[in-house]
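Observations on chain architecture
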Amino acid sequence: MPAGFTAAELAHRFALQLKGDGAAVVAGVATLANAGPDRLSFLSNPRYRAQLADSQAAAVVMRAQDSEGYAGTALLAADPYVAFAKIAALFDPPPPLRPGVHASAVVDPSARVDPQAQVDAFCSIGARAQIGAGAVIGPGCVIGDDCEVGEGCVLVARVTLVRRVRLGRRVLVHPGAVLGADGFGLAMDAGHWIKVPQQGGVVIGDDCEIGANTTIDRGAIEDTVLGEDVRLDNQIQIGHNVRIGAHTAMAGCAAVAGSATIGSYCLVGGAAGILGHLEVCDRVMITAMSLVTHSIREPGEYSSGTPLMANREWRRNAARFRQLDTLARRVNALGKTPRDEED
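Residues numbered from 1 in each chain as written. Predicted model: local features only at pLDDT ≥ 70, side-chain atom pairs only at ≥ 80, totals over all residues. Heavy atoms only, no water.

Quick look at the packing of aromatic side chains
- What the rule picks out here adds up to three aromatic pairs.
- Plain terms: the ring middles of F42 and Y81 are 5.4 Å apart, the flat faces sit at 40 degrees to each other, and that makes the pair tilted. Here Y81 lies in helix α2 (residues 80-88) and F42 lies in strand β5 (residues 39-42), a separation of 39 residues in the sequence.
- Judged by centre distance (4.4 Å) and plane angle (35 degrees), the rings of F42 and F84 are tilted. In this pair, F42 is assigned in strand β5 and F84 in helix α2, connecting sequence segments 42 residues apart.
- F42 gets classed as partly exposed once you look at its relative accessible area, which sits at 24%.
- Residue classification places F84 among the buried positions, given a relative accessible area of 12%. (Phe/Tyr/Trp six-rings, centres within 6.5 Å; stacked < 30°, edge-to-face > 60°. Helix = DSSP H or I, 4+ residues; strand = E, 2+ residues; numbered from the N terminus. Buried < 20%, exposed > 50% of the residue type's maximum accessible area, 1.4 Å probe, protein only.)

Some thoughts on the sheet that holds strand β21 (residues 178-181)
- Here ten strands make up an open sheet; going across it, the order is β9-β12-β15-β18-β21-β26-β29-β32-β35-β38 and the pairing parallel. Unpaired on one side and paired on the other, β9 (106-107) and β38 (291-292) mark the two borders of the sheet.
- Bridge analysis of strand β32 (residues 255-256) against strand β35 (residues 273-274) gives two bridges, and the strand direction is parallel. Paired with V256 across the strands is I274, a residue of β35. (Pairing = 2+ DSSP bridges.)

Structural notes on helix α4 (residues 324-335)
- Over its twelve residues, α4 extends 17 Å from the first C-alpha to the last, a length consistent with the 16 Å expected when each residue adds 1.5 Å.
- Burial of α4 is sparse: only zero of the twelve residues sit out of reach of the surface. (Expected span 1.5 Å × (residues − 1).)

Observations concerning the pattern of salt bridges
- Enumeration over the complete set of coordinates arrives at 13 salt bridges.
- Among the ionic pairs, R297 bridges to E279, the shortest N-O distance being 3.5 Å. Here R297 is found in the loop between β38 and β39 (300-302), whereas its partner E279 is found in strand β36 (residues 279-280), with 18 residues between them in sequence.
- Given the relative accessible area of 43%, E279 is considered partly exposed.
- Where salt bridges share partners, they join D182, K195 and R218 into one cluster. (Salt bridge = Lys/Arg side-chain N within 4 Å of Asp/Glu carboxyl O.)

Take it as geometry only, folks, not as evidence of what the structure does.
This is the structure in structure tokens:
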């Protein structure tokens, strides 16, 4: 990890405007409230503006209009959060690549592992699997038959690629994720379920990130597909044959049922659900805990669900909700004229 950077060096490196002491040294990052005299912080949300005056940060990334009256060192950015993220990456470098296959790993003779790939302890690599240059297969990972891991991918630990999973370049998969498990395909036959074979695969585009314990099922016939730069949080369920467009991000515990299609640049809040065989167009925001029950064909923000309220009030409203249809019919009946009755 580098010892530090001056504010002037950071401004030059990230094309930011410097205001204040360019010699101030930044050795790490912190929040406004907890930053010490060698830390960089940022101000993006106006609700934290009051913390700025008392912050001890060596420098703060902020918008130009927020810097008026600030006596400390500021790095001015159009989007402070983006600039802060880029700077913070300087203080969190990836561990160095250690090419080679650990002695405890088991690699099928038909698999191809690039000499510049790193395969850690207790990994299993199946038949006809391919591991690209610069890829890191962390401890305890299982790479199933006919899987492909592209250049520069990182599977942190205990990641399972079950079967016919193809990762593009620079894909990051966090511990416990399972990609390529059977989709939930069942058919009822004479009172008993029979399993529908899941013969498709999973295709993950370049620069995607898959969170811890997230599961992505392989397709029934065609593939389950994520476009480039899709970001999935932890504990998300993606059903078979789902297609997710480029640059879409989904928060934790969201679930997408089979054969749904989600467009590009969408945002899906935590614990939201999307029913199967629906289509969501580009640039849609679905807020947390919402349930999407029909296709969305216009960009915008969508919500559903009942807001939190005191339990006694919720119980009364729930009881009234069951009477809603009867009340609506009565209201409609009151509004009818004799002519309406004749019609």
